[in-house]
Amino acid sequence: MLWLVGSLFFCWMGLRELFSTIITPTGYDRPLSKNISIPLLVLYTSLTLAFAWTPFQDWRFERFLSVKATEIADFHPAKVHCNTIFDTFLDTNYLAAGHADPKTGYIVFQYPWCKRLGAYLDHPDKANREEIVSLNILTHESMHVRGEYDEAKTECQAVQRNYRAAKILGVPDSIAKTNAQNYYLGEYQRRGKSGGMAGAYFSKECAPEKAMDEHLSDSSWAQ
């Protein structure tokens, strides 16, 4: 938000410098400036673009994730929004790393989980625990977009599709498989042991040949 405010401020300063040589203010018989200060105009233009770069990158990443989430959700329309720190403070679901509305397809990543997902895509072969979890957040919320409300079922659907999701995001096949299996064998199993709120996302039936096994051809645990 502050980046965008800064960009708009320097854009206004540049326009003011430009218009000062064109527009004659009320009570004057000519513009206040005779010549445009080229160095000043270049400075304002450069600062406008520099401050706009981060919001533009964020917008582009959200667009990318929206397209990929739609595909992961079996082409149910999804729209991803990456919360800033300010957004997260105002979000009533701020305790959740992400949340989605099955009715609208609107997916929200709390700060800084979008950055962690971006880092995961930069080096999936060296992904740490949080970066792998960020992949699962996208998959999990995409399952909500498909229409599932139950958290244990949603999480199990995500676990089985993390391999698919990683490949949709452009991760190489073998790395995508490893990341998906690491989430299932690591983070997912820890949810079951920890209980509480995390335990609500876990089910013993979410395993190969158990009740929640969808027998997907590209399941994360398929050989």
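The rules we used
Residues numbered from 1 in each chain as written. Predicted model: local features only at pLDDT ≥ 70, side-chain atom pairs only at ≥ 80, totals over all residues. Heavy atoms only, no water. Pairing = 2+ DSSP bridges. Helix = DSSP H or I, 4+ residues; strand = E, 2+ residues; numbered from the N terminus. Phe/Tyr/Trp six-rings, centres within 6.5 Å; stacked < 30°, edge-to-face > 60°. Buried < 20%, exposed > 50% of the residue type's maximum accessible area, 1.4 Å probe, protein only. Lys NZ or Arg CZ within 6 Å of the ring centre and 35° of its normal. Disulfide = S-S within 2.5 Å.

Next up on the list: the pairing of strand β2 (residues 98-101). Side chains on a regular strand alternate between the two faces of the sheet. By the bridge criterion, 4 bridges tie β2 to strand β3 (residues 106-109) in an arrangement that is antiparallel. In the strand pairing of β3, Ala100 is matched with Ile107. In this structure, the hairpin formed by β2 and β3 is closed by a connection of 4 residues, where Gly105 is found at a positive phi of approximately 80 degrees.

A few words on the packing of aromatic side chains. Applying the stated criterion across every chain, the model contains 5 aromatic pairs. Between Tyr184 and Tyr188, the aromatic rings sit 5.8 Å apart at their centres with planes inclined by 20 degrees, giving stacked as the arrangement. Remark: Tyr188 and Tyr184 occur in helix α7 (residues 173-194); sequence separation between them is 4 residues, near one turn of the helix. Each member of the pair Tyr184 and Tyr188 is classed as buried. Feature note: the residues Tyr184, Tyr188, Phe202 and Trp221 constitute an aromatic cluster, connected by ring pairs. Positioned over the ring face of Trp113 is Arg116, at 4.4 Å from the centre of the ring. The ring centre of Tyr201 lies 4.9 Å from the NZ or CZ of Arg191, which sits over that ring.

Another point: the state of the cysteines. Considering all chains together, one arrives at 2 disulfides under this definition. Covalently, Cys82 is tied to Cys114 through a disulfide, its sulfur atoms 1.9 Å apart. Negative torsions about the S-S bond denote left-handed disulfides, and the value of about -75 degrees found for Cys82 with Cys114 makes this one left-handed. Of the two residues, Cys82 is situated in strand β1 (residues 79-82) and Cys114 in helix α4 (residues 113-122); the sequence distance between them amounts to 32 residues. The pair formed by Cys82 and Cys114 is uniform in burial state, with each residue classed as buried. Covalently, Cys156 is tied to Cys206 through a disulfide, its sulfur atoms 2.1 Å apart.

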